[in-house]
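# Tertiary structure, described
The chain contents come next:
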Amino acid sequence: MARPAIVLIGFMGAGKTTGGRMFASALRCRMSDTDKRLQRRVGMSIPEYFAKHGEAAFREIEEEVAGELLERADGGVISLGGGTLQSERVRRALERHTVVLLHVGRATAWKRAKRSDRPLARDRAGFDRLYAERQAVYEQVADVILPEVDRQLLKPAVAVIAEAHRAKGAQLLWAHTDSGGYPVWLRPGLLRELPPWPLPESSRRFAITDETVAEHHAGRIPELSGMIEIPPGEAHKTLETCERTWGSLVEQGVTRADHVVAIGGGVVGDLAGFVAATFQRGIPVVQVPTTLVAQVDSAYGGKTGVDLPAAKNYVGAYHQPAAVMVDPDVLSTLPPEELAAGYAEVVKTALISGGALWEQVASGAPVDPLTVMRCARTKLQVVADDERDGGRRQVLNLGHTVGHAIETVTDYRRYRHGEAVGLGLLAALRLSGRDDLRAQVAELLAGVGLPTTMDAAIDVDEVHAATARDKKRLGSAPVPFVTVREPGDVRYGQQVGDRDVRAAIAELAPVA
Ligand SMILES: NC(=O)c1ccc[n+]([C@@H]2O[C@H](COP(=O)([O-])OP(=O)(O)OC[C@H]3O[C@@H](n4cnc5c(N)ncnc54)[C@H](O)[C@@H]3O)[C@@H](O)[C@H]2O)c1
């Protein structure tokens, strides 16, 4: 039987030829390019053929060339022309191959394409429309999604992709950060059939989980050498719990050659990640997120830590995971209130990303594995651009300044993190001067049962004072806010008047 090929897809200017060469040289195999084959077959350049025969004739011959190549391929690397996925024949032929999407942002794609003689890159509006249309198809067929970073930085991804190529099945999003890359595996049912484990067999696996997750899912990670259970809930995301966990690792004889598997929601992920970051100055951690909050947000990006009574996430470290294993099926045991809390992070991420994710969320569509994947991609791209919160990563804090303040003044017990973030989003949209978006988001949050006003007992001034202790504040300057101009156009580091902040919080109090 013919072996599957690695097929590179992506929009104009994604760098499929360069990417293809990189894969071919790493895998020591041949690379074929559908555009080049087509030009050879018709004996002229694509722009010439387009001008002479029109787009319909071009698509016909493009389908034929790509279809034949994919159907006959026996291993190797194939770079696929940007528009071929419109063809049903091509999409069918792709099924047996490993499809790698080289993501390119719209702005970069336009910058590159307008310098070329590409027939579909002549006017910006048409180009943008085409870009939006194609993204959805790319996401659907891709087994692997690589972020927009210098292609040379993706070399570590190649070995992992080669492995995935053999164990075809799960979708792989490659996470790039300045301190290294790691695979994010995603598939409903992933925990029933795990992808290649990111660490050698000689490294023993020690799970850290909470008591509730232990009951439902922790047993599904095979070959555990030990398991540590912490009590569930934000109130236990403390240094005291860390100390007990470090103690258990010592008792179980864990060494620097071993690693931690964090199985649980954001509390477990943050705490276990921090324990791993600090135990014997750092051992690897594999994140297995089991809540919606964790699957759409907290499991990626390497921020780990715990709360202090004075403020949230005040002690922590950056510690990127060795891999993230995402199985949306585990959400089936999650109580509805926890799913709802995760929805607030989905709305936040959709406001940041704009585009297809925002459209999906704004339409009120239920959260599905595609939503999880799109949220993960959004977060991974932000972190790829800025791992350590020096700039762009701060957009992820949208809704969190007021959200964290509400959590702090209620001793981390009254609201779930996501519930507080939902309230914080409403305050941030007020500060953005976007009444219409605020109303739309309030409706989305209320639709899943999330609060849109605070408890009457919560003191507005106390929340206001707590915002000043937010970690994003530097020196004596006022705390900066993240504001939204449009979905997809989110600004960080915005100075807003103190009176406006208080008013945005006061607006969250229920009408007497
Ligand atoms: N590190 C980051 O970048 C980042 C980003 C966002 C949020 N966070 C942090 O995440 C935390 C919130 O995470 P969370 O909302 O996942 O809370 P959580 O971890 O407390 O989980 C919520 C509850 O769901 C239970 N649970 C988890 N998985 C389950 C499952 N599959 N079935 C049944 N029950 C299950 C847990 O036992 C817990 O009681 C906050 O501390 C927040 O600061 C961190």
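Residues numbered from 1 in each chain as written. Predicted model: local features only at pLDDT ≥ 70, side-chain atom pairs only at ≥ 80, totals over all residues. Heavy atoms only, no water.

### A look at unusual backbone geometry
- The phi angle at glutamate 223 is positive, at roughly 55 degrees, despite the residue not being glycine.
- Of note, glutamate 223 is situated in the loop between helix 8 (211-216) and strand 9 (224-230).
- Assessed through its relative accessible area of 58%, glutamate 223 is described here as exposed.
- A positive phi is found at arginine 281, a non-glycine position, where the angle reads about 60 degrees.
- Its place among the elements puts arginine 281 in the loop between helix 10 (266-278) and strand 11 (285-289). (Helix = DSSP H or I, 4+ residues; strand = E, 2+ residues; numbered from the N terminus. Buried < 20%, exposed > 50% of the residue type's maximum accessible area, 1.4 Å probe, protein only.)

### Regarding the side chain of serine 32
- Tracing the chain through its elements places serine 32 in strand 2 (residues 31-33).
- For serine 32, a relative accessible area of 8% corresponds to the buried category.

### What to know about the UniProt feature "binding site: Mg(2+)" (unreviewed entry) in the protein chain
- Following the UniProt record, the feature "binding site: Mg(2+)" (unreviewed entry) maps to Thr17 here.
- Turning to its location among the elements, threonine 17 is positioned in helix 1 (residues 16-27).
- With a relative accessible area of 27%, threonine 17 lands in the partly exposed category. (UniProt positions renumbered as here; feature names shortened; annotations may be inferred.)

### Describing the pairing of strand 4 (residues 98-102)
- Here strand 4 lies mainly inside the structure; five of its five residues are buried.
- Both strand 4 and strand 5 (residues 144-146) contribute to a ladder of three bridges, which runs parallel. Each bridged residue has a counterpart across the sheet, and for leucine 102 the counterpart in strand 5 is leucine 146. (Pairing = 2+ DSSP bridges.)

### Things to note about the site of the ligand
- Of all residues adjacent to the ligand, which total 28 residues, the nearest are Asp210, Glu234, Thr290, Thr291 and Thr333.
- In this structure, lysine 312 approaches the ligand through a side-chain N or O atom, which is 2.8 Å from an oxygen atom.
- Note that a nitrogen atom of the ligand is positioned 2.7 Å from one of the side-chain N or O atoms of threonine 333.
- Secondary-structure elements contributing two or more residues to the shell around the ligand are helix 8, helix 10, helix 11 (292-298) and helix 12 (336-353). (Near = heavy atom within 4 Å. Polar contact = N/O pair within 3.5 Å; in protein donor to acceptor, adjacent residues only side chain to side chain.)

### A few points about the sheet that holds strand 2
- If you walk across this open sheet you meet the twelve strands as 2-3-1-4-5-6-7-14-11-10-8-9, and the pairing is mixed. Of all the strands in the sheet, the pair left with one neighbour each is strand 2 and strand 9. Across this sheet, the average inter-strand angle for adjacent strands is 20 degrees, counted without regard to direction.
- Looking at chain direction, strand 2 and strand 3 (residues 77-79) are connected through three bridges and run parallel. Each bridged residue has a counterpart across the sheet, and for serine 32 the counterpart in strand 3 is isoleucine 78.
- Set on the sheet, helix 1 makes contact with strand 1 (6-9), strand 2, strand 3, strand 4 and strand 5; between it and strand 1 the angle comes to about 160 degrees. (Axes fitted to C-alpha atoms, helices over the stretch in contact; angles between N-to-C directions. Contact = heavy atoms within 4.5 Å.)

### Notes on helix 15 (residues 400-409)
- Along helix 15, nine of the ten residues are buried, which leaves the element largely enclosed by surrounding structure.
- Within helix 15 the residues assigned to the buried category are His400, Thr401, Val402, Gly403, His404, Ala405, Ile406, Glu407 and Thr408.
- Looking at the buried side of helix 15, the elements it contacts are helix 12, helix 16 (417-431), helix 18 (460-467), strand 15 (481-486) and helix 19 (498-506).

### Notes on the domain arrangement of the protein chain
- Examined at the domain level, the protein chain breaks down into domain 1 (6-168), domain 2 (182-334) and domain 3 (355-506).
- Its C-alpha centre places domain 1 at a distance of 37 Å from the equivalent point of domain 3.
- On the domain 3 side, the residues contacting the eight residues of domain 1 number seven residues.
- Counting each side, the surface lost to burial between domain 1 and domain 3 is near 620 Å², with a carbon and sulfur contribution of 46%. (Domains from an automatic or database assignment. Buried area = accessible area lost by both parts, 1.4 Å probe.)

### Things to note about helix 5 (residues 106-114)
- Thr108, Ala109, Trp110 and Ala113 are the residues of helix 5 that are buried.
- Those residues of helix 5 that are buried lie in contact with helix 6 (124-141).

### Concerning the environment of glycine 253
- With respect to the helices and strands, the residue glycine 253 is situated in the loop between helix 9 (239-251) and strand 10 (259-264).
- Sequence separation between glycine 253 and lysine 111 is 142 residues; the distance between their C-alpha atoms is 55 Å.
- Residues in contact with glycine 253, not counting those within four places in the same chain, are Arg204 and Asp258.

### Side note on the nonpolar core
- Residues Leu80, Leu146, Leu351 and Met454 are the most contacted members of the largest nonpolar core, which totals 133 residues.
- Per-element accounting of this core gives the leading share, nine residues, to helix 16.
- Grouped together as the second largest cluster of nonpolar side chains are 19 residues, Ile230, Phe279, Ile283 and Val285 included. (Core = buried A, V, L, I, M, F, W, Y, C linked by side-chain atoms within 4.5 Å.)

### Some details on the packing of aromatic side chains
- One pass over the structure, following the stated rule, counts five aromatic pairs.
- Ring geometry for phenylalanine 11 versus tyrosine 131: centroids 5.1 Å apart, planes at 85 degrees, classification edge-to-face. Taken together, the residues phenylalanine 11 in the loop between strand 1 and helix 1 and tyrosine 131 in helix 6 connect sequence positions 120 residues apart. The same class applies to phenylalanine 11 and to tyrosine 131, which are both buried.
- Seen in terms of ring centroids, phenylalanine 50 and phenylalanine 58 are 5.1 Å apart; in terms of plane orientation they differ by 55 degrees. Their pairing is tilted. Side by side, phenylalanine 50 and phenylalanine 58 carry an identical accessibility label, which is buried.
- By way of ring pairs, the aromatic residues Phe11, Trp110, Phe127 and Tyr131 are connected into one cluster.
- Over the aromatic face of tryptophan 197 sits the side chain of arginine 205, whose NZ or CZ is 3.9 Å from the ring centroid. (Phe/Tyr/Trp six-rings, centres within 6.5 Å; stacked < 30°, edge-to-face > 60°. Lys NZ or Arg CZ within 6 Å of the ring centre and 35° of its normal.)

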